[in-house]
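Structure at a glance
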Amino acid sequence: MKKVVVIEDNEINQELIKRRLVKRGFQVDIAEDGETGLKLVQELKPDLILLDISLPRMDGLEVVKILKGDPDLAHIPVIALTAHAMEGDRQKALAAGFDEYESKPVKIDQLLLKMNRLAA
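Below: a short report on this structure. (Residues numbered from 1 in each chain as written. Predicted model: local features only at pLDDT ≥ 70, side-chain atom pairs only at ≥ 80, totals over all residues. Heavy atoms only, no water.)

**Examining the overall build of the chain**
For the chain, the helix and strand inventory stands at five helices and five strands. Element order for the chain, N to C, with α for helix and β for strand: β-α-β-α-β-α-β-α-β-α. The C-alpha atoms of the chain give 13 Å as radius of gyration, which agrees with the globular expectation for 120 residues (14 Å, within 12%). Principal-axis analysis of the C-alpha atoms gives the chain an extent of 35 × 30 × 25 Å. (Helix = DSSP H or I, 4+ residues; strand = E, 2+ residues; numbered from the N terminus. Rg over C-alpha atoms; globule rule 2.2 N^0.38 Å.)

Structure, rendered in structure tokens:
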């Protein structure tokens, strides 16, 4: 069973993503801000991270920078989940260190394809 950490501050998005992933056989743990998410990733060392960019306390750009700078965690794929879907946002996310990008509202089939490719 693949372990996924979802770092997302919106409770509705948390529940939707968790329910859909658990139904497909993933173990899902949730953090609602960047600092808590970082600690959870360090503790659990998941197979994949779904990370919102706009978060309280520490945004997703800072979190991914720390993750990718840590030799014990840098190998874990990180997918940006964001409502920022303007032209250029995907390139900014990838340049910041994210491995993939998915805009909200999340299309679960599209997200699963990306997750399976990255966490194979």
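Next comes the rest of the write-up.
**Examining the environment of Ala93**
Secondary-structure assignment places Ala93 in helix H4 (residues 89-96). For Ala93 and Leu113, which are 20 residues apart along the polypeptide, the C-alpha to C-alpha distance reads 19 Å. When sequence neighbours within four positions are dropped, the list of residues in contact with Ala93 reads Ile53, Ala80, Phe98 and Tyr101. (Contact = heavy atoms within 4.5 Å.)

**Things to note about unusual backbone geometry**
At the junction of Lys104 and Pro105, the peptide bond is cis and its omega measures out at 0° in the coordinates. In this structure, Pro105 sits in the loop between strand E5 (100-103) and helix H5 (108-118). In this structure, Lys45 takes a positive phi of about 45° despite not being glycine. The topology assignment puts Lys45 in the loop between helix H2 (34-44) and strand E3 (48-52).

**Considering the nonpolar core**
Of all hydrophobic cores here, the largest spans 21 residues; its most connected members are Ile7, Val41, Ile49, Leu51, Leu67 and Phe98. Elements that contribute at least two residues to this core include exactly strand E1 (3-7), H2, E3, helix H3 (60-69) and strand E4 (78-82). Listed in part, the 16 residues of the second largest apolar core include Val28, Leu48, Val106 and Met115. (Core = buried A, V, L, I, M, F, W, Y, C linked by side-chain atoms within 4.5 Å. Buried < 20%, exposed > 50% of the residue type's maximum accessible area, 1.4 Å probe, protein only.)

**Quick notes on the pattern of salt bridges**
In the structure shown here, the tally under the stated rule is 10 salt bridges. The shortest N-O distance in the salt bridge between Glu35 and Arg57 comes to 2.5 Å. Placement of the pair is Glu35 in helix H2 and Arg57 in the loop between E3 and H3, with a sequence separation of 22 residues. Between Lys104 and Asp52 there is a salt bridge whose closest N-O contact spans 3.3 Å. With Lys104 in the loop between E5 and H5 and Asp52 in strand E3, the pair connects residues that are 52 residues apart, well separated along the chain. (Salt bridge = Lys/Arg side-chain N within 4 Å of Asp/Glu carboxyl O.)

**Considering the sheet that holds E4**
Here five strands make up an open sheet; going across it, the order is E2-E1-E3-E4-E5 and the pairing parallel. The sheet terminates laterally at strand E2 (27-31) and E5, the two strands that pair on one side only. Looking at each pair of strands side by side, their axes are set apart by 20° on average, direction ignored. The pairing of E3 with E4 spans four bridges and is classified as parallel. Counterpart to Leu51 in the pairing with E4 is Ala80. (Pairing = 2+ DSSP bridges. Axes fitted to C-alpha atoms, helices over the stretch in contact; angles between N-to-C directions.)

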